[in-house]
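The chain contents come next:
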Amino acid sequence: LQKADLDAMIVSMRDAGFSPNSINSYTRVLKSFFSWCNEQGLTRLNIPLYKAEETVKETYSDAELTALLKKPDIRKTTFAEYRDWVIVNFLLNCGSCAATVGAIQIRDVDLDGGVVFYRHTKNRKTQVIPLCSPMIAILREYQRYRSGESTDYLFCTETGSQLTENGLRQSIARYNMRHGVQKTSIHLFRHTFARKYLIDCGGDAFTLQKLLGHSTLAMTKHYCAIYDADLTKNYDNFSPLAQMKASGAKIKMPAKGC
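Residues numbered from 1 in each chain as written. Predicted model: local features only at pLDDT ≥ 70, side-chain atom pairs only at ≥ 80, totals over all residues. Heavy atoms only, no water.

**Student:** Would you take a moment to explain the overall build of the protein for this structure?
**Tutor:** If you tally the helices and strands in the protein, you get 12 helices and 3 strands. Buried positions account for 36% of the 258 residues belonging to the protein. Contacts spanning at least 24 positions in sequence make up 59% of the contacts within the protein whose residues lie at least 6 apart. Taken as a whole, the protein presents about 16,000 Å² of accessible surface, with 55% of it coming from carbon and sulfur. (Helix = DSSP H or I, 4+ residues; strand = E, 2+ residues; numbered from the N terminus. Buried < 20%, exposed > 50% of the residue type's maximum accessible area, 1.4 Å probe, protein only. Contact = heavy atoms within 4.5 Å. Areas by Shrake-Rupley, 256 points an atom, 1.4 Å probe, with all protein chains shown as cover.)

Okay, structure coming up:
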């Protein structure tokens, strides 16, 4: 395999109409594979990442979130419907990804301490995520309803087994459709959490980086695309000029001749 072969592969994908983001995904996988090959002494060949396009992810609107957050009647609904409602609340509290949600065990949730532990992260480091007061109350009720052993998975199937990542995606997609929301992506909740945390809640990017579990701020940047309209929202709270005016600070004019 030669560098010319890799270059030809990129050209063929472009000619076939692949998007820059798709080509970036393929080259990312190949780069990881070639890095392993380099470590094993099999080759010195590697492939640069193909530049992806910066896209602004559409997020869930407040109207859509209101519909999804409407609590079902526990006495009349199914376990799956109630569980999915709890998961939607959890996603908006933590911004976690689907794989993380499915791996959480009952013992990982400390309601008295107001935190949840992610033990199965990509970098294999335990991550501690705070829970807001409404989320703590929701999980207290859910755990009474769900019961189970400490090592059981928190968000399980109706038979008590682990909810797979694909099963979770499909279940949330059905939940959204039943509530009149056409967007069905579970990962979109992660983007929604990031945007609302920064724009609506006034959070900072460095704390968001820790909440999302990113090793670098550059990774968090992909979740922080800001719309033009967002730039003007509540800008008086962040503008140094507005803060100076609000504090009554007077701007002194220089004396004549200066």
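**Student:** What is the right way to read the packing of helix 4 (residues 79-94) against helix 7 (residues 165-178) from this model?
**Tutor:** Helix packing geometry: the angle between the two helix axes and the distance between the axes. Following both chains from N to C, one finds helix 4 and helix 7 inclined at 95°, their axes separated by 10 Å at the closest point. As the angle between them shows, helix 4 and helix 7 are arranged roughly perpendicular. Contacts between helix 4 and helix 7 involve Glu81, Arg83, Asp84, Trp85, Ile87 and Val88 from the first element and Leu168, Ser171, Ile172, Tyr175 and Arg178 from the second. Split into classes, the residues belonging to the contact of helix 4 with helix 7 amount to 6 nonpolar, 1 polar and 4 charged. (Axes fitted to C-alpha atoms, helices over the stretch in contact; angles between N-to-C directions. Parallel < 35°, antiparallel > 145°, perpendicular 65-115°, else oblique. Nonpolar A, V, L, I, M, F, W, Y, C, P; charged D, E, K, R; others polar.)

**Student:** Got a minute to help me understand a nonpolar patch on the surface in this structure?
**Tutor:** Judged by side-chain polarity, Phe33, Trp36 and Leu42 come together as a nonpolar surface patch covering roughly 350 Å² of accessible area. Mapped onto the fold, Leu42 is located in the loop between helix 2 (20-39) and helix 3 (62-68). On the basis of relative accessibility, which here comes to 58%, the residue Leu42 falls in the exposed class. (Patch = residues over 30% accessible without salt bridge, like charges linked within 9 Å, V, L, I, M, F, W, Y side chains within 5 Å. Salt bridge = Lys/Arg side-chain N within 4 Å of Asp/Glu carboxyl O.)

**Student:** Sorry, what's going on with the side chain of Glu81 here?
**Tutor:** Structurally, Glu81 is set in helix 4. Other than its neighbours up to four places away in sequence, Glu81 contacts Pro72, Tyr175, Arg178 and His179.

**Student:** Looking at this structure, I do not really get the pairing of strand 2 (residues 115-118). What am I missing?
**Tutor:** Side chains on a regular strand alternate between the two faces of the sheet. Where strand 1 (residues 109-110) meets strand 2, 2 bridges bridge the pair, whose relative direction is antiparallel. Along strand 2, the bridge assignment pairs Val109 with Val116. Linking strand 1 back to strand 2 in an antiparallel pair, the connection comprises 4 residues, with Gly114 at a positive phi of about 70°. With 4 bridges connecting them, strand 2 and strand 3 (residues 127-130) associate as antiparallel partners. If you follow Val116 over to strand 3, its bridge partner there is Ile129. (Pairing = 2+ DSSP bridges.)

**Student:** Please explain empty space enclosed by the protein as it appears in this structure.
**Tutor:** By rolling a water-sized probe across the atoms, one finds the places where empty space is left. Tallied over the entire structure, the rule returns 2 cavities of 30 Å³ or more. Estimated volume of the second largest cavity: approximately 40 Å³. At the level of elements, helix 5 (98-103) and strand 2 are the ones that each hand at least two residues to the lining of the second largest cavity. Considered class by class, the residues forming the lining of the second largest cavity number 4 nonpolar, 2 polar and 2 charged. (1 Å grid on protein atoms, 1.4 Å probe; cavity = no way out; pocket = protein on both sides within 12 Å on 5 of 7 lines; lining within 4 Å. Points joined across faces, edges and corners; volume = space filled by probe spheres on them.)

**Student:** Sorry, what's going on with the packing of aromatic side chains here?
**Tutor:** Both the distance between ring centres and the angle between the ring planes are used here to describe each pair of aromatic rings. Going through the model one piece at a time under the given rule, you end up with 12 aromatic pairs. Pairing Phe33 with Trp36 gives two aromatic rings, centres 6.3 Å apart and planes at 25°, and the pair type is stacked. Of this pair, Phe33 and Trp36 are both found in helix 2, 3 residues apart, which corresponds to roughly one turn of the helix. Given a relative accessible area of 44%, Phe33 falls into the partly exposed group. Ring geometry for Tyr60 against Phe189: centres 4.3 Å apart, planes inclined by 25°, an arrangement best described as stacked. (Phe/Tyr/Trp six-rings, centres within 6.5 Å; stacked < 30°, edge-to-face > 60°.)

**Student:** In this structure, what is going on with the nonpolar core? I would like to understand it.
**Tutor:** Soluble globular proteins tend to pack their nonpolar side chains together in the buried interior. Counting 46 residues, the largest nonpolar core has Val86, Phe90, Val116, Leu131, Leu139, Phe155 and Phe189 as its most contacted members. Elements with a contribution of two residues or more to this core: helix 3, helix 4, helix 5, strand 2, helix 6 (133-146), helix 7, helix 8 (188-200) and helix 9 (205-212). Among all residues touching Phe90, those that are not within four sequence positions of it are Gly95, Ser96, Val101, Ile104, Val116, Tyr118, Leu131, Met135 and Phe155. Membership of the second largest hydrophobic core comes to 7 residues, among which are Leu6, Ile10, Ile23 and Phe34. (Core = buried A, V, L, I, M, F, W, Y, C linked by side-chain atoms within 4.5 Å.)

**Student:** Mind showing me how you'd approach the sheet that holds strand 2 here?
**Tutor:** Each strand in a sheet pairs with another by means of backbone hydrogen bonds, the pair being arranged parallel or else antiparallel. Ordered in space as 1-2-3, the 3 strands form an open sheet in which the pairing is antiparallel. Single-partner strands in this sheet number two, and they are strand 1 and strand 3.

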